[in-house]
Amino acid sequence: MLIKTKNISDAKSSEIVQQDFYYNRRKFLTSAAGLGCAALLPALGSPAFGAQKPLKNVQKTAWGDKLQPTTFDAVTTYNNFYEFGTLKSDPSKNAHTLKPHPWTIEVSGHADKTGKFSYGDIIKPHQLEERIYRMRCVEGWSMVIPWVGVPLAKIIKRLEPTSKAKYIAFETLLDRQQMPLQKFPILPWPYVEGLRMDEAMHPLTIMAIGVFGSEMPNQNGAPMRLVVPWKYGFKGIKSIVKISFVEKQPPSTWSVSTPHEYGFYSNVNPEVDHPRWSQKRERLITGEGGFSALFAKKIETKMFNGYAEEVAGLYAGMDLKKNF
Ligand SMILES: Nc1nc2c(c(=O)[nH]1)N[C@H]1C(S)=C(S)[C@@H](COP(=O)(O)O)O[C@H]1N2
Ligand SMILES: [Mo]
């Protein structure tokens, strides 16, 4: 199976259109599982490949159309989701206990439309777009992920926030049955995150509900998770059940648990080192030749993760060393 996978990678470098590449690859993986290779997959910490339902009517966009996505298996087996374990391979092994459907989202705070909403109230199928984004983890590795999602601005507009809403706060599900590691005080639970309203309304910010054209695998934050490509990965809170519109800057899990290392903004910035390591470079995980970041090639980290042209204006006049 690994040898075949390699062949497909080789074919890619010789001209297969990128967009088709991961779909073909995914089809291959699906059929490989059907042919009895499935027994080999758990050894790699893999999910059931092909188990996710394909999403229909997803609008293709120009976002990232020149980028080569990381492989499906790396995106879905090299994860951070501490509710299911602290190793990169834990979420794909353990997140089967999460039940993403049905799903309820509670909206509160300074908005005209508050209360309990179903998944379908929040996610409108005709608004689904594909966005291929560079993603940079604060740990010093990165991936290119083809997300499917809805621009967060479209969701926010429907909730009609008032002028008092300066920030938006998010919470992950709190359920020790579905998220077994919440029995242990690894982090303060539930995981929480927030954005300034203008960051939340920025066209790059999406609520993602899928990857590679299919529904979100549990380990990637099913059924919906935030994606903010110019910020470190931990801002991308997974399995969101609460959204609130607030006046003051809300807490964010990592900045509360380790405030001298992680700030509220967490914009990718090669000029601001983490207290324990440099942020000047990153290892780009392509997924070829091994999933681990250890095998990945080092590249220069770009200001705002390469999205400076789009987002630098949000921070004009701010000292980004202070507001890290
Ligand atoms: N609820 C929750 N959300 C989370 C995390 C987590 O542990 N719990 N990890 C964050 C971190 S550190 C990263 S890098 C991204 C990883 O997303 P991915 O596994 O889909 O690549 O999710 C973020 N969202
Ligand atoms: Mo991360």
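Higher on the page you've got the structure.
Heads up: these notes are all about the structure in this document.

Rules of the game
- Residues numbered from 1 in each chain as written.
- Chains lettered and ligands numbered in written order.
- Predicted model: local features only at pLDDT ≥ 70, side-chain atom pairs only at ≥ 80, totals over all residues.
- Heavy atoms only, no water.
- Core = buried A, V, L, I, M, F, W, Y, C linked by side-chain atoms within 4.5 Å.
- Buried < 20%, exposed > 50% of the residue type's maximum accessible area, 1.4 Å probe, protein only.
- Helix = DSSP H or I, 4+ residues; strand = E, 2+ residues; numbered from the N terminus.
- Contact = heavy atoms within 4.5 Å.
- Pairing = 2+ DSSP bridges.
- Axes fitted to C-alpha atoms, helices over the stretch in contact; angles between N-to-C directions.
- Polar contact = N/O pair within 3.5 Å; in protein donor to acceptor, adjacent residues only side chain to side chain.

What about the nonpolar core?
Link 1 in the chain: Within the largest apolar cluster, 81 residues are counted, with the highest numbers of intra-cluster contacts made by Ile-123, Trp-147, Phe-170, Met-224 and Phe-245.
Link 2 in the chain: Per-element accounting of this core gives the leading share, six residues, to strand 4 (residues 141–151).
Link 3 in the chain: Setting aside its immediate chain neighbours within four residues, Ile-123 contacts Leu-128, Val-150, Ile-155, Met-207, Ile-209 and Met-224.

Structural notes on the sheet that holds strand 10 (residues 240–246)
Sheet strands pair via backbone hydrogen bonds, and the direction of the pair is either parallel or antiparallel.
Link 1 in the chain: Sheet architecture is open: five strands sit in the order 2-1-10-5-6, paired in mixed fashion. Two strands close off the open sheet at either side, each with one partner strand: strand 2 (115–118) and strand 6 (192–196). Going from strand to strand, the sheet's axes swing by 20° on average, the running direction of each strand aside.
Link 2 in the chain: Two elements, strand 1 (residues 104–109) and strand 10, share four bridges in a ladder whose sense is parallel. What sits directly across from Val-107, in strand 10, is Ile-243.

Considering the side chain of Arg-196
Link 1 in the chain: Locating Arg-196 in the fold gives a position in strand 6.
Link 2 in the chain: Only 3.2 Å separates the side chain of Arg-196 from the side chain of Tyr-265, close enough to count as a polar contact.
Link 3 in the chain: Beyond its immediate chain neighbours, meaning those up to four positions away, Arg-196 contacts Lys-166, Tyr-167, Phe-264, Tyr-265, Leu-314, Tyr-315 and Met-318.

Everything listed here is a matter of geometry and, on its own, says nothing about what the molecule does.
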